[in-house]
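# Close look at the chain arrangement
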Amino acid sequence: MSHNTVAANRHRHNFANVESVWLFGYGSLIYKVDFPYLEKRPAAIYGWLRRFWQGSHDHRGTPTAPGRVLTLVAQAGARCSGMAYRVSPEVFAQLDEREKNGYLREDITLHFDDGQQQPGLVYFANADNDAYLGPASERDIAAHIAASSGPSGSNRDYLLQLAEALRAMQVFDEHVFLIEQHLLRLINKPTNGKAGQSSSAC
Ligand code: BEZ
């Protein structure tokens, strides 16, 4: 599959007569909220893990030197905590452009902290897209991130801002915080010693 998903996403959902849609954010959508929303609530999805397995040609890397950004990887029993936004469907034109590097909008069930569930959408880059990089050790991912940058800034800022945002939400994510530790060691910054407080996985 081509990594430019704008045209594919345009035809994926029929938003006729739909007033608002819940969107689940697990990566940059948590801390870079440059779109209008009607409501915002912490939420989780089940059966998925956050992983730095997707290449970024357009934001945190280039086509010849892609950065590493997040996608979701299926794992039975996993829980991925993030932020949900209720948006009007027009917002997807802007978001599809921002997340065009391999991400397709997928249907998902969102679980809110009060036990409520709602149908929603999530951007997901599967292993079939041309920008997919796949697994690597957290140490190797940190080295890759340390060396990458693109039109939206350095790959390290993507990781560090995400880690900070997860801590602020009291979400513990072993994959993200391990990569952060390796990266801080690589760039000689002291770690802050608080890798997150709650025990929710993802
Ligand atoms: C997110 O934050 O949900 C997200 C991550 C990667 C691509 C698109 C969206």
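Residues numbered from 1 in each chain as written. Predicted model: local features only at pLDDT ≥ 70, side-chain atom pairs only at ≥ 80, totals over all residues. Heavy atoms only, no water.

As annotated in an unreviewed UniProt entry, the chain carries the name glutathione-specific gamma-glutamylcyclotransferase and is attributed to Idiomarina xiamenensis 10-D-4.

Moving on to the overall build of the chain. Of regular secondary structure, the chain possesses six helices and seven strands. Reading the secondary structure of the chain in the N-to-C direction produces α-β-α-β-β-α-β-β-α-β-β-α-α. Taking 2.2 N^0.38 as the reference for a compact globule, 202 residues should give roughly 17 Å; the C-alpha atoms of the chain span a radius of gyration of 16 Å, in line with that estimate. Taking the principal axes of its C-alpha atoms as reference, the chain extends roughly 55 × 40 × 30 Å. When each of the 202 residues of the chain is scored for burial, the buried share is 48%. Intrachain contacts of the chain at a sequence separation of at least 6 include 76% that bridge at least 24 residues. For the chain, the accessible surface area stands at approximately 9400 Å², while carbon and sulfur atoms represent 49% of it. (Helix = DSSP H or I, 4+ residues; strand = E, 2+ residues; numbered from the N terminus. Rg over C-alpha atoms; globule rule 2.2 N^0.38 Å. Buried < 20%, exposed > 50% of the residue type's maximum accessible area, 1.4 Å probe, protein only. Contact = heavy atoms within 4.5 Å. Areas by Shrake-Rupley, 256 points an atom, 1.4 Å probe, with all protein chains shown as cover.)

The two faces of a sheet get side chains in turn, since along a regular strand they alternate between them. By the criterion of burial, strand β3 (residues 67-87) is predominantly enclosed, with 15 of the 21 residues buried. Bridging between strand β1 (residues 21-25) and β3 involves five bridges; their strand directions are antiparallel. The residue of β3 that forms the bridge with Leu23 is Tyr85. Bridge analysis of strand β2 (residues 39-56) against β3 gives 15 bridges, and the strand direction is antiparallel. Across the sheet, the residue bridging to Arg51 is Thr71, located in β3. (Pairing = 2+ DSSP bridges.)

Ordered in space as β1-β3-β2-β4-β5, the five strands form a closed barrel in which the pairing is mixed. Each strand axis lies, on average, 45° off the axis of its neighbour in the sheet, ignoring direction. Helix α4 (residues 138-146) contacts β2 and β3 of the sheet and is inclined by roughly 45° relative to β3. Sheet contacts for helix α5 (residues 155-168): β2 and β3; angle to β3, the most-contacted strand, approximately 75°. (Axes fitted to C-alpha atoms, helices over the stretch in contact; angles between N-to-C directions.)

So, on to the site of the ligand. Lining the immediate environment of the ligand, one finds Phe24, Gly25, Tyr26, Gly27, Ser28, Leu29, Leu70, Glu99, Tyr103 and Tyr123. For the ligand, an oxygen atom lies 3.2 Å from a polar atom in the backbone of Ser28. With the chains in place, 99% of the 260 Å² that the ligand exposes on its own is no longer accessible. Listed by contribution, the elements that provide at least two residues to the shell around the ligand are β1 and α2 (28-31). Class assignment of the residues belonging to the shell around the ligand gives a composition of six nonpolar, three polar and one charged. (Near = heavy atom within 4 Å. Polar contact = N/O pair within 3.5 Å; in protein donor to acceptor, adjacent residues only side chain to side chain. Nonpolar A, V, L, I, M, F, W, Y, C, P; charged D, E, K, R; others polar.)

Assignment of secondary structure puts Phe24 in strand β1. Phe24 gets classed as buried once you look at its relative accessible area, which sits at 0%. A sequence separation of 83 residues divides Phe24 from Asp107, and the C-alpha atoms of the two residues are 9.9 Å apart. Each residue touching Phe24, except ones within four places of it in the same chain, is listed here: Leu29, Ala43, Ala44, Ile45, Cys80, Ser81, Gly82, Met83, Ala84, Leu110, Leu121 and Val122.

A few words now on the pairing of β1. Counting buried positions over the five residues of β1 gives five, a clear majority of the element. Of the two faces of β1, the one holding Val21, Leu23 and Gly25 and the one holding Trp22 and Phe24 are both buried throughout. As paired elements, β1 and strand β5 (residues 117-124) share three bridges and run parallel to each other. Paired with Trp22 across the bridge in β5 is Gly120.

Turning our attention to the packing of α4 against helix α6 (residues 174-186). Between α4 and α6, the least distance of the axes is 8 Å, while the angle of their chain directions is 55°. As the angle between them shows, α4 and α6 are arranged oblique. The hand of the α4/α6 crossing is right-handed. Contacts between α4 and α6 pair Glu138, Arg139, Ile141, Ala142, Ala143, Ile145 and Ala146 from the former with His175, Leu178, Ile179, His182, Leu183 and Leu186 from the latter. For the contact of α4 with α6, the per-class residue count stands at nine nonpolar, two polar and two charged. (Parallel < 35°, antiparallel > 145°, perpendicular 65-115°, else oblique. Left-handed = near helix turned anticlockwise from the far one by under 90°.)

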